[in-house]
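# Structural overview
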Amino acid sequence: GKTTLLKTCNALTKPTSGTVSIDGRELGRISAHELKYIRSRIGFVHQNLSLVPNLRVIQNVVFGRLGRRSFLGGAKDMLFPSSTVIEKVYEILDSVGIAEKIYERTDRLSGGQQQRVAIARALVNTPSIILADEPTGNLDSKSGIEIMKILYDLYTKGNTIILVTHEKEIAKHANRIITIFDGKIKEDHTNKNMTKAV
């Protein structure tokens with residue numbers, strides 16, 4: 001149910017009961033235009049990454065902008081990126097420590113590198129909220145810590161990070177932990193012993 005929960009937060013799935021509100025606006029009661037805008041402010045890091053393996057890193061990152069109004073022009077910029085697009089994507093990739101791989105095919109990257117590409121794609125909209133579905137689930141412990149450091153850095157810059165995980169060690173990096181059991185909130189507390197990702 002964790003993936004369903006995140007999709008509900010992003011208004012990709014309608015809740016069977018209850019409501020979802022962002023900035024005081026209930027997602028089920030706003031216009032399609034407002035909903036599109038809110039979604040453009042949310043980055044989503046999928047558990048299965050959802051990268052296109054035979055495309056280059058830059059194309060996968062630009063893919064996160066298709067259908068959105070921005071500095072990117074859509075499919076044309078994905079296939080033939082302009083210098084402005086290349087510069088912007090390079091900056092994003094640099095922020096997650098993988099700028100040198102900008103022209104590599106994603107299927108030639110390690111699992112940790114692919115996860116960084118997935119985070120970069122989530123950042124391409126300059127989101128204020130990032131939803132992360134088991135972002136360290138398929139990684140070794142060293143790569144997992146590196147990914148958590150990236151997310152922690154984003155958090156310190158003012159982003160809201162909503163991360164779902166089964167791993168208690170990963171949850172220790174959060175300042176608030178909500179435990180869900182059988183679809184219901186079992187516990188909700190501020191994590192006074194928050195572990196900083198370093």
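A few points on the structure. (Residues numbered from 1 in each chain as written. Predicted model: local features only at pLDDT ≥ 70, side-chain atom pairs only at ≥ 80, totals over all residues. Heavy atoms only, no water.)

## Quick word on the nonpolar core
Condition: Throughout, nonpolar core names a set of buried Ala, Val, Leu, Ile, Met, Phe, Trp, Tyr and Cys residues whose side chains join them through atoms within 4.5 Å. Note on classification: 1.4 Å probe, protein chains only; a residue is buried when its accessible area is under 20% of the maximum for its type, exposed when over 50%, partly exposed between these limits. Working definition: helices are DSSP H or I runs of at least four residues, strands are E runs of at least two. Numbering for both runs from the N terminus. Should any heavy atoms of two residues lie within 4.5 Å, those residues are considered in contact.
Of all hydrophobic cores here, the largest spans 32 residues; its most connected members are V61, V89, L93 and I119. Looking at this core, the elements that each hand over two or more residues are α3 (57-63), α5 (83-95), α6 (111-123), β4 (129-133) and α7 (141-156). For this core, the element with the most residues is α6, which contributes 6 residues. Contacts of L93, omitting those with residues within four sequence positions, involve V57, V61, I98, A99, I102 and A120. Core analysis: the second largest hydrophobic core is formed by 13 residues, I30, F44, I129 and V164 among them.

## Focus on the sheet that holds strand β5 (residues 160-164)
This is how the line gets drawn: In this scheme, strands are said to pair when DSSP sees at least two bridges between them. Axis geometry follows a simple rule: fit a line to the C-alpha atoms, using only the stretch in contact for helices, then measure angles between N-to-C directions, giving values from 0 to 180 degrees.
Strand order in the open sheet made by the 3 strands is β3-β4-β5, with parallel pairing throughout. Whereas interior strands pair on both sides, the edge strands pair on one side only; in this sheet they are β3 (42-45) and β5. Neighbour-to-neighbour, the strand axes of the sheet open up by a mean angle of 15 degrees, direction not taken into account. Contacts from α6 reach β3 and β4 within the one sheet, and its direction differs from that of β3 by about 165 degrees. Against the sheet, α7 touches β4 and β5, its axis set at about 145 degrees to β5.

## Looking at the packing of aromatic side chains
We apply this condition: For Phe, Tyr and Trp, rings pair up if their centres lie within 6.5 Å, where Trp contributes its six-membered ring, and each pair is then called stacked (planes under 30 degrees apart), edge-to-face (over 60) or tilted (otherwise). Either the NZ atom of lysine or the CZ atom of arginine qualifies as a charge over a ring when it sits within 6 Å of the ring centre and within 35 degrees of the ring normal.
Counted according to the given criterion, the structure contains 1 aromatic pair. Taking 6.0 Å as the distance between ring centres and 45 degrees as the angle between the ring planes, the aromatic pair formed by Y152 and Y155 counts as tilted. One end of the pair, Y152, and the other, Y155, are both in helix α7, 3 residues apart, so they sit about a helical turn from each other. You can call Y152 buried: its relative accessible area is 16%. On the basis of relative accessibility, which here comes to 31%, the residue Y155 falls in the partly exposed class. The ring of F181 is capped by K186, whose NZ or CZ atom sits 5.4 Å from the centre of that ring.

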